[in-house]
Amino acid sequence: MFSLDWIYYAISWILLTWHSAWDAIGVPVGAALGTNWAWILAIVFLVVTVRVILFPVFVKQIKSQRAMQSLQPKVKELQEKHKGDRETLQKEMMELYRKEKANPLMGCLPMFLQIPVFLGLFHVLRRLDPAKDNKTLYGWTVDQFNSASSAKIFTAPIAGKFGSTADELARLGANGTTVKVIAGVLVLMMMGTTYLTSRQMILKTGWAEDPQQRMIQRLMLYGIPLSLLVSGAIFPIGVIIYWVTNNMFTLGQQQWVLRKYPPPPTQGRTGAPASRGPVQPAKKTGGLLGRKAAPAPVKQAPSAPKVAGPKPGAKPVNPKKSGPAKRQG
């Protein structure tokens, strides 16, 4: 059976290293405002450590998404060409992705790589029960274990959870109402920040043209935050702190990366090429100093041919007397 002990040892080592660092620089060991800040900061900087390690993968994720967006017109052509032939369509699309070096799975890779970290922290914090016998497991000392098991945030233990039983709360020396209030607020923050991270990415990159990818986007935008309303009840408070901190880090990191690698300018908010309105005729601007331009000359009807004037010295002719000759009676 595959063992995850190496993950538990790695998570424990990072936590203990950061806790020792904050303790060494003078962060109070005791509770201030009902909070043991050295342990809270250790969880926060566990997030920083993991995200710094995964940053190159995150950049590759953005580049892969840009490549996928640029291929959408070609993907649409293949879908029209091989409509009804799903097997050929899949082969052609995989060949297109291989040729253009685009990986559809890269968009989910950073999240998948963080799952072991989340599971490791969940397991380590769940063990912070004073009734445990083997307190030195995963490289902990007895003093470190006792310190972490009594660590609190606003008087709620980081090992407690919304669904903690009365026996668990008694062993942790916690008040059930306080734990539920703090855990409930943190779960709502976890849901909200999870929604915002997905929404930020979709607004910047646009909705996918492919129905399957669009379904994944909708699942990440609405499904995952809603699922946290239920699963958040079994997460230790320390794990929820990790999740919220990770989401806040993601919001800042995505904003920076999306500015550095902006989506193609032809992509609108829906992922489709931005449509332009009808072209309006250019307005006629005036000349210098804003004076109106002279109106175009109106085309006039051709005039009657001019009669040549009298020659110099000739006797003028009276036009009234010039007319048709009178008939003689």
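Conventions adopted
Residues numbered from 1 in each chain as written. Predicted model: local features only at pLDDT ≥ 70, side-chain atom pairs only at ≥ 80, totals over all residues. Heavy atoms only, no water. Axes fitted to C-alpha atoms, helices over the stretch in contact; angles between N-to-C directions. Helix = DSSP H or I, 4+ residues; strand = E, 2+ residues; numbered from the N terminus. Parallel < 35°, antiparallel > 145°, perpendicular 65-115°, else oblique. Contact = heavy atoms within 4.5 Å. Nonpolar A, V, L, I, M, F, W, Y, C, P; charged D, E, K, R; others polar. Buried < 20%, exposed > 50% of the residue type's maximum accessible area, 1.4 Å probe, protein only. Polar contact = N/O pair within 3.5 Å; in protein donor to acceptor, adjacent residues only side chain to side chain.

### Examining the packing of helix H1 (residues 5–24) against helix H5 (residues 109–126)
The description of two packed helices rests on the angle between their axes and on the distance between the axes.
Logical step 1: H5 packs onto H1 with a crossing angle of 75° between their chain directions and a minimal axis gap of 9 Å. Comparing their axes, H5 and H1 come out roughly perpendicular. Only Pro 116, Val 117, Leu 119, Gly 120, Leu 121, His 123 and Val 124 of H5 make contact with H1, whose side of the interface consists of Ile 7, Tyr 8, Ile 11, Ser 12 and Leu 15.
Logical step 2: Classifying every residue of the contact of H1 with H5 by side-chain character gives 9 nonpolar, 3 polar and no charged.

### Overview of the side chain of Thr 193
Logical step 1: Locating Thr 193 in the fold gives a position in helix H8 (residues 176–205).
Logical step 2: Its relative accessible area of 8% is what places Thr 193 among the buried residues.
Logical step 3: In terms of polar contacts, Thr 193 uses its side chain to reach the backbone carbonyl oxygen of Met 190, at 3.3 Å.
Logical step 4: Setting aside chain neighbours within four positions, we find Thr 193 in contact with Val 244, Asn 247 and Met 248.

### Quick notes on unusual backbone geometry
Logical step 1: Unlike most non-glycine residues, Phe 154 shows phi in positive territory, near 55°.
Logical step 2: One can find Phe 154 in the loop between strand S1 (152–153) and strand S2 (156–157).
Logical step 3: According to the relative accessible area criterion, Phe 154 is partly exposed, its value standing at 42%.
Logical step 4: Phi at Thr 155 is positive, roughly 75°, even though this residue is not glycine.
Logical step 5: With respect to the helices and strands, the residue Thr 155 is situated in the loop between S1 and S2.

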